[in-house]
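Chain residues, written in single-letter form:
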Amino acid sequence: MTTQPATIDLQLEKPIYGGDVMGRLGDGRAVFVPFGLPGERVRVRLTEEKRNFARGEILEVLDASPQRIIPRCKHFGFCGGCHYQHLPYQEQLDAKTEILRDQLRRIGKIENPPVQAMVASPNAWNYRNHVQFHLTKEGKIGYVRAHVPAVFAIEECHLPEGYLNGIWPQLEFEPGTNIERVSLRAGKEYDSMLVLESNSPEAPELEIEAGISVTHIFEDNTVVVAGNDHILISVLGRDFRVSAASFFQVNTAMAEKMVNHLIAKLPVTQSSVVLDVYCGAGLFSAFLAPKCERLIGIESSASACEDFEFNLDEFDNVELYEVLAEDVIPHLRVKPDVILVDPPRAGLEKRVVDGILEMNPQYIAYVSCDPSTLARDAARLMGGGYRLQDVTPFDLFPQTFHIECISVFER
């Protein structure tokens, strides 16, 4: 005999990191519910119950928030990509800023974190220069469903840059193909690239109109099927070569704002030594190198290192280590004035934090894409003698829960 999941009426209280809104059960346990808004009364079916918390899905909004708006996309609420289309853009910024503050307080134990107002994206829609799709069993372009590990075919998406939206609906693949992921990347002047990732060395067969580069990635090998193995992305008038397997900021207009912010915040002079950890294709390094005496980049991705060398080829004061940060930082015999870190979502390894504290720079700039790991690392740096001067969030990912920010620490 199966028991039906419990259905309850719930008062939603506050947004939390990850896109959900929290309410409380009668016994005091927190319930996390997607696609709701603070202040709403909702009827919820519990989908998961643990000793300390529960998760639920909204069956009906009994009392809607006056802030609630009609989402732009027909897939909203079913698709796992967007979380805030039912909230006006300014309110999205306010909610994310408050979530960032809460994470720094709760996880980092930072009493009054110096969080600034979030820098808005000039485009709240069609801002992504890089978009990743999965394929359905029938070979249709799709996304992963919200809270369900299944792919569904999409009919629209309002996040990719406009002309990428003209490309993906034309893509068709054989049912049961071995392609695991399909990416589209946009460069300058309508330059674009299709990246196919699979678990087979055989490049998939594809018919596509001319004018787009196509690459196939298997393990760490990139094979050019058509066109080039890279695109050019222009930031503040400077071109960056970005290869198929390399990371680059997905919101070009916001990448420019972040570069300007770092240049304004960091007192880099002609006698400064700057260490850029997780430097990628060299976005920040390229703008800091002309201002300092010596710049050292650290990056473990082979393709990003090739791009970095190409993008910073004109500078004689730049060095690059192609190695994991945690393997080199404890052994670097250098005294940087400024250390810039832009780690992946998992944040800084303990060995990296210890190595940074050992180097004892005057300033540390931390570019974060996850407030919870930032909060943990900020507590470690502050415990090592640094003051958190400023945290500025940048909305690189409108309509989603993702929060990017730049924190500046001073010794």
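Everything discussed here concerns the structure shown above.
Computed from a predicted structure; not experimentally measured. (Residues numbered from 1 in each chain as written. Predicted model: local features only at pLDDT ≥ 70, side-chain atom pairs only at ≥ 80, totals over all residues. Heavy atoms only, no water.)

Draft legend 1. Layout of a negative patch on the surface. Taken together, the side chains of Asp-229, Glu-306, Glu-309, Asp-313 and Glu-322 make up a negatively charged region of the molecular surface. Positionally, Glu-306 belongs in helix H4 (residues 302-311). (Patch = residues over 30% accessible without salt bridge, like charges linked within 9 Å, V, L, I, M, F, W, Y side chains within 5 Å. Areas by Shrake-Rupley, 256 points an atom, 1.4 Å probe, with all protein chains shown as cover. Salt bridge = Lys/Arg side-chain N within 4 Å of Asp/Glu carboxyl O. Lys, Arg positive; Asp, Glu negative; His and termini not counted. Charge placed at Lys NZ, Arg CZ, Asp CG, Glu CD. Helix = DSSP H or I, 4+ residues; strand = E, 2+ residues; numbered from the N terminus.)

Draft legend 2. Examining the nonpolar core more closely. The biggest cluster of nonpolar side chains holds 81 residues, and the ones touching the most others in it are Phe-133, Ile-141, Val-182, Leu-184 and Leu-283. Residues within four places of Val-182 in sequence aside, it is in contact with Val-131, Gln-132, Phe-133, Leu-135, Ile-141, Leu-171, Phe-173, Leu-194, Val-195 and Leu-196. Residues Tyr-278, Ala-325, Ile-339 and Cys-405 belong to the second largest nonpolar core, which totals 33 residues. (Core = buried A, V, L, I, M, F, W, Y, C linked by side-chain atoms within 4.5 Å. Buried < 20%, exposed > 50% of the residue type's maximum accessible area, 1.4 Å probe, protein only. Contact = heavy atoms within 4.5 Å.)

Draft legend 3. Quick peek at the sheet that holds strand E7 (residues 141-144). Read across the open sheet, the seven strands follow the order E8-E7-E6-E9-E10-E11-E12; overall the sheet is mixed. At either margin of the open sheet sits one strand with a lone partner, and together these are strand E8 (151-153) and strand E12 (221-226). Strand after strand, the sheet turns through a mean of 35° between neighbouring axes, direction not considered. When strand E6 (residues 130-135) meets strand E9 (residues 179-186), the two strands line up antiparallel, connected through four bridges. Among the inter-strand pairings, Val-131 is bridged to a residue of E9, identified as Leu-184. (Pairing = 2+ DSSP bridges. Axes fitted to C-alpha atoms, helices over the stretch in contact; angles between N-to-C directions.)

Draft legend 4. Main features of the packing of aromatic side chains. Counted under the stated rule, the structure contains nine aromatic pairs. Consider the rings of Phe-35 and Phe-76, whose centres lie 5.1 Å apart with planes at 75°: the pair is edge-to-face. Highlighted residues: Phe-35 in the loop between strand E3 (30-34) and strand E4 (41-49) and Phe-76 in the loop between strand E5 (53-63) and helix H1 (89-106), separated in sequence by 41 residues. Across the pair, exposure class does not vary: Phe-35 and Phe-76 are buried alike. These aromatic residues form a ring-pair network of at least three members: Phe-133, Tyr-143 and Trp-168. Positioned above the aromatic ring of Phe-310 is the side chain of Arg-241, whose terminal nitrogen or guanidinium carbon lies 4.9 Å from the ring centre. (Phe/Tyr/Trp six-rings, centres within 6.5 Å; stacked < 30°, edge-to-face > 60°. Lys NZ or Arg CZ within 6 Å of the ring centre and 35° of its normal.)

Draft legend 5. Representation of the sheet that holds strand E19 (residues 363-368) within the structure. Across the sheet, which stays open at both edges, the seven strands sit in the order E17-E16-E15-E18-E19-E21-E20 with mixed pairing between neighbours. The strands lining the two open edges of the sheet, one partner per strand, are strand E17 (318-322) and strand E20 (387-394). Pairs of neighbouring strands in the sheet enclose a mean axial angle of 15°, with direction left out of account. Note that strand E15 (residues 273-277) and strand E16 (residues 294-299) share five bridges and pair parallel. Of the residues in E16, the one forming a bridge with Asp-276 is Gly-297.

Draft legend 6. Structural detail: helix H7 (residues 371-383). Counted at 1.5 Å a residue, the expected span for H7 with its 13 residues is 18 Å, and the 18 Å between its end C-alpha atoms agrees. Turning to H7, its buried residues are Pro-371, Thr-373, Leu-374, Ala-375, Asp-377, Ala-378 and Leu-381. Those residues of H7 hidden inside the fold are in contact with H1, helix H6 (350-359), E19 and strand E21 (404-410). Just past H7, the residue Gly-385 takes up positive phi, approximately 105°. (Expected span 1.5 Å × (residues − 1).)

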